[in-house]
Every structure is written in C-alpha cells, then in structure tokens.
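# Architecture and fold: a report
Each chain, written out:
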Amino acid sequence: KPHIHLQIEISLFGDDDRLIVAKDVTRLHQLELMRRDFVSNVSHEMRTPLTVISGYLETLVDNADDLPAKWQRAIKTMATQALRMETLIADLILLSRIETGEQEDTNTPTDINTLIGQICQDARTLSGDRQHEILVNATASKMLKGDESQLRSAFSNLVFNAVKYTPAQGRITVSWYTDADGGHLSVKDTGAGIDQVHIPRLTERFYRADPSRHKDTGGTGLGLAIVKHVLINHDGHLEIRSKPGKGSEFVCHFPAERLVEAHPG
Ligand code: ADP
C-alpha cells in the first residue's frame, strides 16, 4: 500500500480554541525521493569517467618535464580541478547514502576518544606549516552507539573546517564529554567566526557564509550537510555558536540512550 504523508500544524488561540490543519505532502515527499535518486545516479555515473580522466592527467603531470611551461601549467591546473571534482562527487555520493540511511547499522559501540585522536592527527597534517595548536580533551569513558564511518565523516568535517577557517597558529579544541543529557562532541576554534545571519542556513547543501573565500579552502560546500544528516541518523542535533572575530564552536549533541559503558561487567 502506498504511504500517505501528512503534515499537521496546530495553532492555539486564547484558552480553548485550536486550529488544526493537515496537509497532504505525499507528492512533495515523492519528489524529494526522486531528487535524491537522481543526484545519487548522476554522481555514480560521473565517477567512472572522472577516475579515468584523473588517472591520465596524473600520468601527464608526471611526464611533463620536457613540455613547454605553458602546457605544464595547463596540465597541472586540469589535474587539480579534476581532483576537486572527484572530491565533490565523493561527497555527493556520501551525502546521498547518509540521507537515505537505510541499511546502515548505527548501533555499534564506538570509541570516540580514539576516533577524535585519529582525526586530530590528520588535522595536524592538514594544518602543516600553519601550525595550529590542536588540543584533544577527551575524558569521558563512555562509548557512543553509532556507525563509526559516518561519525568519522561528521567529526572530521568539523575539525577540518576549524583548520580551514582558522588563521595560522590559531587554537582548535576538540572535546568529548558526557552528562545527564547525553554525549557532546565539541569543536571550538579561534578563527574568523560566522555572522549570526548565516548560522541557520549553514547546514544547507552548498551554502557558504563567505562565498569569496571558498575557492582557496578547497571545500565542497557539503560538509555541514553531511554532519547534519549523520546526526539525524544518530538521534542527535548540531548546535552552532559563533562570534565574528572571536571564533566558532560546533557541538554535536547525542541523547543519553546512545551512551554505553566502555567496559561492561
Ligand atoms: P565548505 O566546504 O565550504 O567548508 P561546509 O558545509 O563544511 O562547506 O561549511 C559551510 C560554510 O560554513 C563554509 O563555507 C564556511 O563559510 C562556514 N564555516 C564552517 N565551519 C566554519 C568555521 N569553523 N569557522 C568559520 N566558518 C565556518
């Protein structure tokens, strides 16, 4: 039987009056599924030819020494851009897989301390000679029930963003802590910060607070959309706090039901 999707809105007037509106959004829901399928198919179809192009371009780059400088430059630019496109396609495929979220097991106890340790190690490599101070503050012993590869994508997007949007020698603090409300993963930086008007829209695909800067950061514009959907799959939500000029903090909140003791028994 086909499902019918209803959207219910309840408005309260005075003490007892209510207005209840039920909207049939079945068609809208179908269109959304079609959009996801389409994006996923296009991304998969583009991946194969692109891999071939990148492969040949790399060979050309490696053997370009005898070519005129103008050609060398052209080949290098093509190789860089092909690589950028590969990253974009990979992110699109990842996002559509996470959005559908169907056959994934999001209930495996995951050691967040180890996970963020590894991510911060990669972040130090990304920082390179910009020498950010990257601190890990992981004291909570509890593990999180989830899908490790999805969590890795989400947390690394946040940590790598902090590196991308924080000037050289800035400080990045990654913390994992638990309390009565649940588990919290915070990524805090001393970077440029984000103007308040942009914050509600940051997790939309391709939304950028500062479009002029995205070219040199090399991002795909999909990072925070990926974070948002990973959190939805884990019953969590993302909180963004930021002050322009002071820095930003991105906090992933997970409900207490998702926490498990590291060493049961
Ligand atoms: P991008 O690939 O552009 O980084 P994201 O979805 O990861 O895409 O982030 C969306 C936008 O949010 C970025 O373009 C940037 O404007 C802003 N942003 C994300 N993280 C930070 C941060 N730590 N500091 C300042 N701005 C940020």
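Note that this is a predicted model, so its numbers are computed, not measured. Along every chain, residues carry numbers that run from 1 in the direction the sequence is written. Predicted model: local features are reported for residues with pLDDT of at least 70 only, side-chain atom pairs are reported and counted for 80 or more only, and whole-chain, interface and lining totals are derived from all residues. Values shown for side chains rest on all heavy atoms present in the structure; no hydrogens or waters enter the calculation.

This part takes up the sheet that holds strand β9 (residues 247-255). Sheet architecture is open: five strands sit in the order β4-β6-β7-β9-β8, paired in mixed fashion. Strands with a single pairing partner mark the edges of an open sheet, and in this sheet they are β4 (133-138) and β8 (237-243). Strand after strand, the sheet turns through a mean of 10° between neighbouring axes, direction not considered. Sheet topology places β4 next to strand β6 (residues 171-179); six bridges connect them, and they run parallel. Directly across from L135, in β6, lies its bridge partner T173. Here, any two strands with at least 2 DSSP bridges between them count as paired. Secondary structure follows DSSP: runs of H or I at least 4 residues long count as helices, runs of E at least 2 residues long count as strands, and numbering of each begins at the N terminus. A fitted line through C-alpha atoms represents every axis, and for helices the fit uses only the stretch in contact; the resulting angles, taken between N-to-C directions, go from 0 to 180 degrees.

Right, let's get into the sheet that holds strand β3 (residues 108-110). Across the sheet, which stays open at both edges, the three strands sit in the order β3-β5-β10 with antiparallel pairing between neighbours. Edge positions in the open sheet fall to β3 and β10 (259-260), since each of these has one partner strand only.

Bringing a negative patch on the surface into the picture now. A cluster of acidic side chains, namely E58, D62, D65 and D66, defines a negative patch on the protein surface. Among the secondary structure elements, D66 is positioned in the loop between α1 (26-62) and α2 (69-100). Nonpolar side chains (Val, Leu, Ile, Met, Phe, Trp, Tyr) are joined into patches within 5 Å and like charges within 9 Å, using only residues with over 30% relative accessible area and no salt bridge. Only the protein chains shown count as cover for residues, with accessible areas throughout obtained via the Shrake-Rupley method and a probe of 1.4 Å. Between Lys or Arg on one side and Asp or Glu on the other, a salt bridge is scored when a side-chain nitrogen of the former is within 4 Å of a carboxyl oxygen of the latter. For this count, His and the chain ends are skipped, Lys and Arg are scored as positive, and Asp and Glu as negative. By convention, charge coordinates are those of NZ in Lys, CZ in Arg, CG in Asp, or CD in Glu.

A separate point is the site of the ligand. Near the ligand, the surroundings consist of 20 residues, among which N161, Y165, D189, G221 and L224 are the closest. In the model, an oxygen atom of the ligand is placed 2.9 Å from a nitrogen or oxygen of the N161 side chain. A 3.5 Å cut-off defines polar contacts: any pair of N or O atoms within that distance qualifies, except that in protein one atom must be a possible hydrogen donor and the other a possible acceptor, and neighbouring residues in sequence count only when both atoms are side-chain atoms. Side-chain polar atom of D189 to a nitrogen atom of the ligand: 2.8 Å apart, as the coordinates give it. Going through the elements one at a time, α4 (148-164), α6 (223-233) and β9 are the ones with two or more residues in the shell around the ligand. For the shell around the ligand, the element with the most residues is α4, which contributes three residues. In this count, Pro and Cys sit with the nonpolar residues alongside Ala, Val, Leu, Ile, Met, Phe, Trp and Tyr, while Asp, Glu, Lys and Arg are called charged and the others, Gly among them, polar. Taken together, the residues that form the shell around the ligand break down as nine nonpolar, seven polar and four charged. One heavy atom within 4 Å of a molecule or strand makes the whole residue count as near it.

Treat this as a map of the structure, not an account of what it does.
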